[in-house]
Each structure stands twice: as C-alpha cells, then as structure tokens.
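Residue-level listing of the chains:
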Amino acid sequence: MTQAHLGHAHDRAKEPLQTFEFTPGEIDRDDPLHGELMSLNMGPQHPATHGVLRIKVVLDGETMKYVEPVVGYLHRGKEKTCETLGWRKFFVHTDRLDYLQPLMNNCAYAMSLESLGVIQVPERGQQIRVLLMELSRIMAHLIYLGTTAIDLGAITMFFFTFNEREKIYSLLDAYTGHRMNNTYVRIGGVYADLDERVAREARKWCEQFPAKIDEFEKMLTGNRIWYDRNRDIGVLSIAQCKAWSLTGPNLRASGLEWDLRKNQPYSGYENYQFEIPIGAKGDCYDRYAVRIEEMRQSVRICMQVLDALEKTRGGEFIAQDRRYVLPPKDLVHNSMEELIHQFKIVTDMALPKGAAYHAVESSKGELGFYVVSDGTSHPVRCHIRAPGLMNVQAIPVLMDDRLFSDTVSIIGSLDFVMGEVDR
Amino acid sequence: MSTIERIQAGLEGVTFKVVPSREGMTTIEVSITDAKETIRRLRDACGFETNTFVTAVDRHPREPRYELAWQFLSYRHNDRVRVHAAVRGDAPAAPTIIDLFPGAAYSERECFDMFGIVFEGHAGLKRLLMPEDYDHFPLRKDFPHQGIEPDRLYREWDRRRRERSPIAEESES
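Please read all numbers here as calculations on a predicted model, not as lab measurements.

**Some details on the overall build of chain A**
Inference 1: A tally of helices and strands in chain A yields 18 helices and eight strands.
Inference 2: Against the 2.2 N^0.38 benchmark of 22 Å for 423 residues, chain A shows a C-alpha radius of gyration of 23 Å, consistent with a compact globule.
Inference 3: In terms of overall dimensions, chain A has a C-alpha envelope of 85 × 50 × 35 Å along the principal axes.
Inference 4: Counting the 423 residues in chain A, one finds 60% classified as buried.
Inference 5: In the form shown here, chain A has an accessible surface area of approximately 16,100 Å², with 53% of it arising from carbon and sulfur atoms.
Inference 6: Side-chain charges in chain A split into 49 positive and 57 negative, and the spacing between the mean points of these groups amounts to 4 Å.

Dropping the structure here:
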C-alpha cells in the first residue's frame with residue numbers, strides 16, 4: 001500500500017484541519033499510546049479507491065481521526081457539455097458517467113427527456129429497456145463484488161465475476177455492436193429491435209447465472225475472513241441514510257424497503273414480479289448480501305422480460321413521433337417529408353419549455369436527470385443527480401474512529417464509480 | 001391528502017407560488033429569504049425526509065439571474081417536491097440547509113463551485129470538482145465551453161513547471 005508520510009501532528013496542529021464532516025477529538029499528548037497524529041494520503045492512484053478518488057486521512061495509531069474525500073480528478077464538465085451539444089448528442093456522454101452500466105445511464109437520460117417532452121414509449125421499447133437496465137445492474141454489481149473481494153484478498157472472485165461480465169458483454173455486443181459505451185437508447189425507445197437470436201442467448205445466460213451466484217456465495221458468504229472484515233464494519237442506520245441522502249442498495253441494507261422500481265415504477269416495472277431485498281444491520285456485510293440478492297431478482301426480471309418480449313414480437317420498439325424520433329433510413333431515402341424530419345431532428349431538435357426530473361433505480365442508487373429547457377435545441381441546464389457522489393460523501397460518516405484497514409471494505413461496500421461522481 | 005394539500009397545510013404563513021412542471025412534480029416557488037423556513041417546514045411538517053439535490057439554473061442575462069432548485073423526497077408519503085428560489089446575479093448568496101439535511105453538503109459545494117453561489121452558514125464551503133485555486137465558475141452562461149486559457153491558475157501551473165525543469169524553458173525559447 002502506497003502511503004505518503006506527509007507530516008506530524010505538531011506541524012499540523014498549528015493550522016486548523018479543514019473540518020466539516022467531523023472534528024478530531026482532543027488528543028492527550030502525554031498518553032504513550034496516542035500522541036502523534038499522522039497524515040496519510042490515500043489515492044488518487046490507489047487501487048482500492050476504485051478510480052481516482054483521493055482520501056485524506058489523519059491517523060492516531062491505526063485509528064482514523066479525520067477523513068476527507070477529495071473528488072474532481074475525473075471532472076470532464078459533462079453538464080456544461082450537455083448545454084453545448086444539445087439534447088440528442090449528449091446521449092454518447094451519458095455512457096461515460098457510470099461506465100460500468102452505460103445503458104442504465106442512457107435509459108435514465110432518455111426518460112428524463114421523455115418526461116420533459118411527454119413522449120410515450122411503446123411497450124416493446126419499454127421491455128427492451130428493462131432488459132438492458134437489469135443486465136446493467138448485474139454488470140455493475142458484479143464489478144462491485146469482484147473489486148471489493150480482490151481488495152479484501154479474494155482474488156479468485158475477481159476472475160469469477162469478470163467471466164460472467166464477459167458473457168453479458170458478448171450479449172450486448174451481439175445486440176448493440178459494442179461491448180462498452182453502447183449508446184443504444186434513444187428518445188422514445190431503443191435504436192433497434194432485439195434480435196431473436198440475442199434473446200435466445202440472453203435466456204441461456206439467465207438460466208445458468210443463478211448457479212454462478214451460488215458459486216460466488218460459496219466463496220464468500222460463509223467465509224470467515226470475508227465475514228470478519230465486513231460484519232459490523234461501516235454501520236449505517238436508516239436515519240443516517242436519509243440525512244446523508246443515501247439511496248439504493250446502501251439504503252436498503254439499512255433496512256428501509258425503498259426501491260424506485262416498486263415505489264415509483266417506470267418503464268413498466270409494475271408488470272414484473274420481484275422482491276426488494278433488505279438488510280438488518282446496515283453494515284458492509286448487509287450491503288454485500290443485498291447486492292447478491294438483487295442480482296438474483298434481476299435475473300428473475302430478465303426472464304420475465306424475455307417471456308414478455310415473445311408476446312410483443314414484431315411490435316414497435318420506438319415511438320413514431322417525428323418531432324423527436326429519427327425516421328427509418330429506407331424512408332429517408334424515398335420520401336421527401338421523412339428527409340425533412342431527419343434534417344430537422346439532426347440539426348435542431350427542440351424540447352418544450354419547462355423543467356423535469358426523472359430518476360431510475362440504478363445499481364448505485366437514485367440516478368436522476370434534472371433537465372431545464374427554454375424551448376430550443378440546447379438545454380438551459382442538465383443536472384445529473386449522481387448517487388455515487390452521495391456515497392462518497394458518506395465515507396467520513398462511516399470511517400469515524402474505525403481502523404485504517406476498514407477503509408478498503410467501506411469504500412468497496414459503498415460502491416461508487418468516479419466517472420459518475422466527478423461527471 | 002394529496003402532496004399539494006399537505007404542503008399547503010405545512011407551509012401556513014409562508015408565501016409561496018405553485019409553478020407548473022413538465023413531469024407533474026409538485027413545484028413551489030418562494031423568495032430566497034423564506035427558503036430556509038420553507039425547507040424546515042417541509043422537513044418537519046410535511047414529512048420530506050431526504051434531500052435529493054441542490055442545484056441552480058443560470059438565466060443570464062435575465063435578472064434575477066440564478067434560479068436555485070432544491071428537491072426533496074418523502075419515503076413515508078412516496079412523493080417529491082421541488083422548491084425554486086430566485087437569486088440575484090450580483091453577489092449571489094443563499095442560506096445553507098446542511099443543518100437540516102447534512103447530505104446537501106456536497107450538492108451545495110458543487111453549486112458553489114459551478115455557479116459561485118455562496119451558501120451562508122456552510123462551514124466547509126469550498127470547491128468540489130474544480131481545483132481549489134480556480135478563478136471562474138464554469139457552469140455560468142458567460143463562461144465559454146472551451147475554458148479560459150490565460151487564467152491565473154494555468155499561468156501558475158506553467159510557472160511551477162518551468163521552475164521544476166529549466167531545460168523545458170530553454171528548449172522553448
């Protein structure tokens with residue numbers, strides 16, 4: 001572990017620590033066991049910070065007295081870019097927010113634009129989106145599982161989960177033509193219909209995946225080391241989660257049954273049978289258990305979607321609304337009106353004046369887009385409500401007076417991606 | 001009781017205006033002086049338990065220039081509310097809500113970072129995403145998308161780079 005020794009407490013005591021999240025208590029300097037504080041810099045190039053997160057830590061022995069996350073190393077100005085590029089072209093950039101689940105971001109952005117323009121997505125389009133979102137959720141949870149386990153020493157888990165991820169990548173490759181950064185969701189639906197063969201492959205994958213989850217659980221759930229390093233570490237109460245705006249699996253692990261898919265359904269989630277797993281204690285182990293169970297539920301949803309897709313075969317997968325949706329290519333080449341529509345949409349596709357917010361339950365929590373339009377082709381504002389930022393914010397809350405070695409399991413279990421945090 | 005009825009009951013005595021929103025979310029507009037009290041009542045009397053985001057919209061060159069937006073979620077009642085308040089462009093300031101919702105701390109820091117709106121009473125108000133000694137506020141409408149190059153910060157970085165390696169300076173001159 002790279003640890004830069006930055007200075008001693010005596011130097012640092014002169015300048016007040018920039019405390020906001022919590023204040024280091026009084027240190028008894030005559031006490032031989034305490035006395036000297038040490039500042040450590042963890043990151044931004046640290047493997048356990050899952051990206052370019054930097055954490056400033058002040059240590060008393062091995063106990064963390066002050067923790068401050070520093071973010072912004074991956075800031076690319078996405079919100080400004082959206083104002084410059086316009087509504088349509090920003091889809092590509094949403095992929096790069098949480099790059100472990102690009103299609104989820106696509107869907108969230110598309111839905112916020114649809115609520116701004118009041119556009120109805122056809123049933124088959126919604127079903128394909130649900131399938132893509134659930135596959136994305138599994139992909140993101142697999143990364144969580146693999147990276148957290150490798151940080152805590154279980155290297156095999158990493159290969160197990162990446163094997164499964166690779167299979168989902170192949171599915172998405174077959175459907176969208178890309179492994180990563182797919183950009184396959186459009187306003188009003190999805191770019192292309194789901195191929196029969198892809199659906200068959202997806203079903204095959206869904207059938208074998210629950211057995212793989214059992215395998216993951218065999219590796220970790222009863223594992224003494226995994227249990228000891230996660231149980232009672234980083235405990236969050238429901239009240240804390242509410243106060244610190246934590247959502248998603250972190251909130252559910254604390255015991256609150258809240259899932260946007262159930263409570264404020266979108267994309268026809270109300271048509272599928274699934275359960276919301278919740279934890280009891282709200283510690284790192286519960287967060288792990290909740291994510292494992294969520295993967296099982298996601299597979300369950302995927303199977304139901306694949307059944308539903310059989311029934312809507314040949315149906316519309318994108319709204320035929322020529323204000324926002326590009327006409328099919330063969331029509332563009334053969335019809336003057338469609339050519340004009342194509343031209344209008346590509347050059348300036350305006351959304352109605354007003355503001356709208358739409359959130360989806362992403363793998364990290366509530367991912368929402370707050371979009372403000374003045375009736376032109378370029379947004380006035382596109383604010384990305386990133387769940388990861390709130391998860392990073394909770395790091396000091398969880399690390400108060402814990403041992404330094406717990407940082408790794410806490411960071412891992414909070415689960416964030418810096419692309420989304422920094423935007 | 002619908003969301004708006006609950007809010008009307010909870011916000012008795014505060015002047016607010018209901019404004020339309022495209023997605024049908026309850027949206028109210030208050031003056032910036034009433035904002036803190038409104039948010040306190042929303043939390044205590046109306047059951048909005050968590051802050052979803054704090055952000056601003058720049059309406060440059062219109063005045064009042066900024067439109068602050070707070071959004072809250074109620075788990076108990078399963079609904080949301082958005083609060084708008086207008087802030088003038090000269091020395092923009094707003095009350096902080098981190099004593100009510102600690103989770104708004106990073107959102108407020110980001111809003112300060114991007115728009116330069118000072119949240120009064122926020123103890124740790126500093127830049128979140130941009131470098132700490134950066135001069136500008138990037139999400140303001142008068143900030144160009146390509147950035148401002150001859151900037152104090154860039155000049156400072158350049159100076160430090162030259163100090164570190166005199167060879168670089170020689171080869172350039």
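**Side note on the interface of chain B and chain A**
Inference 1: Contacts between the two partners involve 50 residues from chain B and, on the opposite side, 51 residues from chain A.
Inference 2: Buried surface at the junction of chain B and chain A, both sides included, amounts to about 3,900 Å², of which 54% is carbon and sulfur.
Inference 3: A per-residue breakdown of the area chain B buries against chain A is headed by Arg22, Tyr75 and Tyr106 of chain B, which together make up 21% of the total.
Inference 4: At the junction of chain B and chain A, the tally comes to five salt bridges.
Inference 5: Between glutamate 110 of chain B and arginine 423 of chain A there is a salt bridge whose closest N-O contact spans 3.0 Å.
Inference 6: For the pair chain B and chain A, the number of links is 24 residue pairs in polar contact (both at pLDDT 80 or more).
Inference 7: Elements with a minimum of two residues in the side of chain B that touches chain A: strand 3 (50–58), strand 4 (66–74), strand 5 (79–87) and helix 3 (105–115) of chain B.
Inference 8: Sort the elements by how many residues they give to the side of chain B that touches chain A and strand 3 of chain B lands first, with eight residues.
Inference 9: Across the side of chain B that touches chain A, the residue classes tally to 23 nonpolar, 14 polar and 13 charged.

**Observations regarding the domain arrangement of chain A**
Residues and elements named next belong to chain A.
Inference 1: Examined at the domain level, chain A breaks down into domain 1 (11–70) and domain 2 (78–320 + 350–421).
Inference 2: Spacing between the C-alpha centres of domain 1 and domain 2 amounts to 32 Å.
Inference 3: Tallying the contact residues gives 20 residues for domain 1 and 18 residues for domain 2.
Inference 4: Carbon and sulfur atoms make up 73% of the surface buried where domain 1 meets domain 2, a total of about 1,800 Å² over both sides.
Inference 5: Counting across the domain 1 and domain 2 interface gives zero salt bridges.
Inference 6: Inspection of the region where domain 1 meets domain 2 yields two residue pairs in polar contact (both at pLDDT 80 or more).
Inference 7: Those elements giving two or more residues to the side of domain 1 that touches domain 2 turn out to be strand 1 (37–42), strand 2 (54–60) and strand 3 (63–70).
Inference 8: In terms of residues, the side of domain 1 that touches domain 2 owes the most to one element, strand 3, which gives five residues.
Inference 9: When grouped by side-chain class, the residues that make up the side of domain 1 that touches domain 2 number 13 nonpolar, four polar and three charged.

**Quick word on the pattern of salt bridges**
All names here are of chain A.
Inference 1: If you walk through the whole model with that rule in mind, you get 52 salt bridges over all chains.
Inference 2: As a salt-bridge pair, glutamate 79 and arginine 423 come within 3.0 Å of each other at their nearest N and O atoms. Residue glutamate 79 is located in helix 2 (residues 78–85), and its partner arginine 423 is located in the segment after helix 18 (418–422); the two are separated by 344 residues in the primary sequence. By the burial criterion, glutamate 79 is buried, and arginine 423 matches it.
Inference 3: For arginine 179, the salt bridge is made with glutamate 166, and the minimal N-O distance between the two is 2.5 Å. Linking arginine 179 in the loop between helix 6 (155–176) and strand 4 (185–186) with glutamate 166 in helix 6, this pair joins segments that are 13 residues apart in sequence.
Inference 4: On the basis of relative accessibility, which here comes to 37%, the residue arginine 179 falls in the partly exposed class.
Inference 5: A relative accessible area of 35% means that glutamate 166 is categorised as partly exposed.
Inference 6: Connected via shared salt-bridge partners are Glu134, Arg137, Arg252, Asp259, Arg261, Glu294 and Glu361.

**Side note on helix 17 (residues 406–414) of chain A**
All names here are of chain A.
Inference 1: The element helix 17 is extensively covered by neighbouring structure, given that nine of its nine residues are classed as buried.
Inference 2: Restricting attention to buried positions, one finds in helix 17 the residues Asp406, Thr407, Val408, Ser409, Ile410, Ile411, Gly412, Ser413 and Leu414.
Inference 3: Phi turns positive, to about 65 degrees, at aspartate 415, one or two residues after helix 17.

**What about the sheet that holds strand 2 of chain A?**
Residue and element names in this part refer to chain A.
Inference 1: The three strands are arranged 1-2-3 in an open sheet whose pairing can be described as antiparallel. Among the strands making up the open sheet, the edge pair consists of strand 1 and strand 3. When strand polarity is set aside, the average angle formed by the axes of neighbouring strands in this sheet is 20 degrees.

**Quick word on the pairing of strand 2 (residues 26–30) of chain B**
All names here are of chain B.
Inference 1: For strand 2, the buried fraction is high: four of the five residues fall into the buried class.
Inference 2: Where strand 1 (residues 17–19) lies against strand 2, three bridges are found, and the strand directions are antiparallel. If you follow valine 19 over to strand 2, its bridge partner there is threonine 27.
Inference 3: Hairpin connection from strand 1 to strand 2: six residues lie between these consecutive antiparallel strands, with glycine 24 at a positive phi of about 85 degrees.
Inference 4: Pairing analysis gives five bridges linking strand 2 to strand 5, with the strands arranged parallel.

**Section: a nonpolar patch on the surface**
Residue and element names in this part refer to chain A.
Inference 1: On the surface, Ile150, Ile155 and Phe159 cluster together into a nonpolar patch covering about 270 Å² of accessible area.
Inference 2: In this structure, isoleucine 155 sits in helix 6.
Inference 3: With relative accessibility at 48%, the residue isoleucine 155 sits in the partly exposed group.

**Re the nonpolar core**
Inference 1: Counting 163 residues, the largest nonpolar core has Trp70 and Phe72 of chain B as its most contacted members.
Inference 2: Of the residues forming this core, the biggest block, 12 residues, is contributed by helix 5 (residues 123–151) of chain A.
Inference 3: Here this core gathers at least three residues from each of two domains, domain 1 (11–70) and domain 2 (78–320 + 350–421) of chain A.
Inference 4: When near neighbours in sequence (up to four residues on either side) are disregarded, phenylalanine 72 of chain B contacts Ile39, Leu42, Phe48, Thr50, Asn51, Thr52, Asp79, Arg80, Val81, Val83, Ile97 and Phe101 of chain B.

**Some words on the packing of aromatic side chains**
Residue and element names in this part refer to chain A.
Inference 1: For the coordinates displayed, the defined rule picks out 21 aromatic pairs over all chains.
Inference 2: Geometrically, the ring pair formed by tryptophan 205 and phenylalanine 209 is stacked, given 4.6 Å between the ring centres and 20 degrees between the ring planes. Here phenylalanine 209 and tryptophan 205 lie together in helix 7 (residues 196–220), a separation of four residues that amounts to about one turn.
Inference 3: Joined through ring pairs, the aromatic side chains of Phe90, Phe91, Tyr109 and Phe369 make up one cluster.
Inference 4: Just above the ring of tyrosine 269 sits the side chain of arginine 261; from NZ or CZ to the centre is 5.9 Å.

Basis of the calculations
Residues numbered from 1 in each chain as written. Chains lettered and ligands numbered in written order. Predicted model: local features only at pLDDT ≥ 70, side-chain atom pairs only at ≥ 80, totals over all residues. Heavy atoms only, no water. Helix = DSSP H or I, 4+ residues; strand = E, 2+ residues; numbered from the N terminus. Rg over C-alpha atoms; globule rule 2.2 N^0.38 Å. Buried < 20%, exposed > 50% of the residue type's maximum accessible area, 1.4 Å probe, protein only. Areas by Shrake-Rupley, 256 points an atom, 1.4 Å probe, with all protein chains shown as cover. Lys, Arg positive; Asp, Glu negative; His and termini not counted. Charge placed at Lys NZ, Arg CZ, Asp CG, Glu CD. Contact = heavy atoms within 4.5 Å. Buried area = accessible area lost by both parts, 1.4 Å probe. Salt bridge = Lys/Arg side-chain N within 4 Å of Asp/Glu carboxyl O. Polar contact = N/O pair within 3.5 Å; in protein donor to acceptor, adjacent residues only side chain to side chain. Nonpolar A, V, L, I, M, F, W, Y, C, P; charged D, E, K, R; others polar. Domains from an automatic or database assignment. Pairing = 2+ DSSP bridges. Axes fitted to C-alpha atoms, helices over the stretch in contact; angles between N-to-C directions. Patch = residues over 30% accessible without salt bridge, like charges linked within 9 Å, V, L, I, M, F, W, Y side chains within 5 Å. Core = buried A, V, L, I, M, F, W, Y, C linked by side-chain atoms within 4.5 Å. Phe/Tyr/Trp six-rings, centres within 6.5 Å; stacked < 30°, edge-to-face > 60°. Lys NZ or Arg CZ within 6 Å of the ring centre and 35° of its normal.

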